[in-house]
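What follows is the residue order along each chain.
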Number of protein chains: 2
Amino acid sequence: MDNKNKKIILASASPRRKELLKQAGYDFDVIVSNVEEVITKSLPWEVVEELAYQKAKDVFRRLLSEIDYSFINEDDYTLTVIGADTVVSVDDKILGKPADKNEAYEMIHSLQNKTHQVYTGIAILDYNFSTRKTVEKYFYEKTDVTLFPMTSEEIYDYIDTGDCYDKAGAYGIQGQFAIFVREIQGDYNNVVGLPIARLYQELKKIH
Amino acid sequence: MDNKNKKIILASASPRRKELLKQAGYDFDVIVSNVEEVITKSLPWEVVEELAYQKAKDVFRRLLSEIDYSFINEDDYTLTVIGADTVVSVDDKILGKPADKNEAYEMIHSLQNKTHQVYTGIAILDYNFSTRKTVEKYFYEKTDVTLFPMTSEEIYDYIDTGDCYDKAGAYGIQGQFAIFVREIQGDYNNVVGLPIARLYQELKKIH
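Cut-off values and rules
- Residues numbered from 1 in each chain as written.
- Chains lettered and ligands numbered in written order.
- Predicted model: local features only at pLDDT ≥ 70, side-chain atom pairs only at ≥ 80, totals over all residues.
- Heavy atoms only, no water.
- Phe/Tyr/Trp six-rings, centres within 6.5 Å; stacked < 30°, edge-to-face > 60°.
- Helix = DSSP H or I, 4+ residues; strand = E, 2+ residues; numbered from the N terminus.
- Buried < 20%, exposed > 50% of the residue type's maximum accessible area, 1.4 Å probe, protein only.
- Axes fitted to C-alpha atoms, helices over the stretch in contact; angles between N-to-C directions.
- Parallel < 35°, antiparallel > 145°, perpendicular 65-115°, else oblique.
- Left-handed = near helix turned anticlockwise from the far one by under 90°.
- Contact = heavy atoms within 4.5 Å.
- Nonpolar A, V, L, I, M, F, W, Y, C, P; charged D, E, K, R; others polar.

(A) Spatial organisation of the packing of aromatic side chains. Per the stated rule, a full pass over the model turns up 23 aromatic pairs over all chains. Ring geometry for Tyr-119 of chain A and Tyr-140 of chain A: centres 6.0 Å apart, planes at 55°, overall tilted. Here Tyr-119 of chain A is found in strand 5 (residues 115-128), whereas its partner Tyr-140 of chain A is found in strand 6 (residues 133-147), with 21 residues between them in sequence. Classification of Tyr-119 of chain A by relative accessible area gives buried; the value is 6%. For Tyr-140 of chain A, a relative accessible area of 32% translates into the label partly exposed. Connected via pairs of aromatic rings, a cluster forms that spans Tyr-158, Tyr-171, Phe-177 and Phe-180 of chain A together with Tyr-200 of chain B.

In structure tokens, the structure reads:
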């Protein structure tokens, strides 16, 4: 990607999101938001958009207030901040990250042998220093994930890998858990945490 | 996985298949078949099963003829050989690996902005040294892959990464090409080259 004059910031600490954005060919920096997340919505796709926007907005505001404008003398210089948030949803319940082994077991047990949804919300905040225009764009992607039946032993064996604790829904689709994923419908990378295809298409429209 | 007394051989040179099998927790060795592949079928799901079987059978035969049986004195010692073959299918045409840049362009151009199918055939040949029984099992998995529209520039930029040449259909879903994949339906790892979830379920039934 031609990133001349385009500064891209990923407002997320997730190593998986960082890896996906890098793999897509983008040059970017990571600046993590320290905003207190406030959830005012209840539907999963509204929640992820809301949280993605809060994270991106926090970093965007901070950067614009810190930037020394005198350094920017090139045409079409843009600053783009990308925020993201992912949740797992099953039977109308939103699952975040499990607090402990018991919660991890409950989550995985509630997901096995059926189809659940993974939602990632993305917020893109873009400032063009020549035109002084801000573009705000947010969207979400949904992926259906269907799991094979799992025995208690299989669930505990997976939990023992330690892979479950930093992940919404207590599983990571890209690791050892893959043996339980019967099929998905939607964007695979959306389940990993960043719908990179849709993000690329949206960024193309902005720049 | 408990691989005591279970010798597993992957009959494939693909580093991606090796990585997926390892990630699933299996202990195994790689022994590549040097059989001359003979295609007698025409439907893609028949072709991949046929080729997977030929590769696995070649390695299975060779190993059984070479093994020093006197070393095997444990109960339930088993030898399992896994063969795999992947093709991409679009508009009733089977796409293998592209020979050159022009063919890569033609392939990707024929895939963009529509849905195509990826088929991986798997053959499992299993010999139990106690019961002296051979189990032969083969199956295929199909995944639908839908791509966004791609410009000629995007196709050539991707070809220039060199990622396309060793891959059926001239693309690798797990690399930079991910930005063009709108959605899939089925097993993601089946597109990478090994339907690891189904393979795990089938191996569980055998052992």
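Next comes the rest of the description.
(B) Spatial organisation of the packing of helix 3 (residues 101-111) of chain B against helix 4 (residues 152-160) of chain B. Residues and elements named next belong to chain B. Helix 4 packs onto helix 3 with a crossing angle of 130° between their chain directions and a minimal axis gap of 10 Å. Classified by the angle between their axes, helix 3 and helix 4 sit oblique to one another. The element helix 3 and its partner helix 4 pack so that their crossing is right-handed. In this structure, helix 3 uses Lys-101, Ala-104, Tyr-105, Ile-108 and His-109 to contact helix 4, whose residues at the interface are Ser-152, Ile-155, Tyr-156, Tyr-158, Ile-159 and Asp-160. Tallied by class, residues from the contact of helix 3 with helix 4 come to seven nonpolar, two polar and two charged.

(C) How the structure looks around unusual backbone geometry. Residues and elements named next belong to chain A. Positive phi, normally seen in glycine, also occurs at Arg-132, with a value near 55°. By secondary structure assignment, the location of Arg-132 is in the loop between strand 5 and strand 6. A relative accessible area of 66% places Arg-132 in the exposed class.

So yeah, pure geometry; function would need other evidence.
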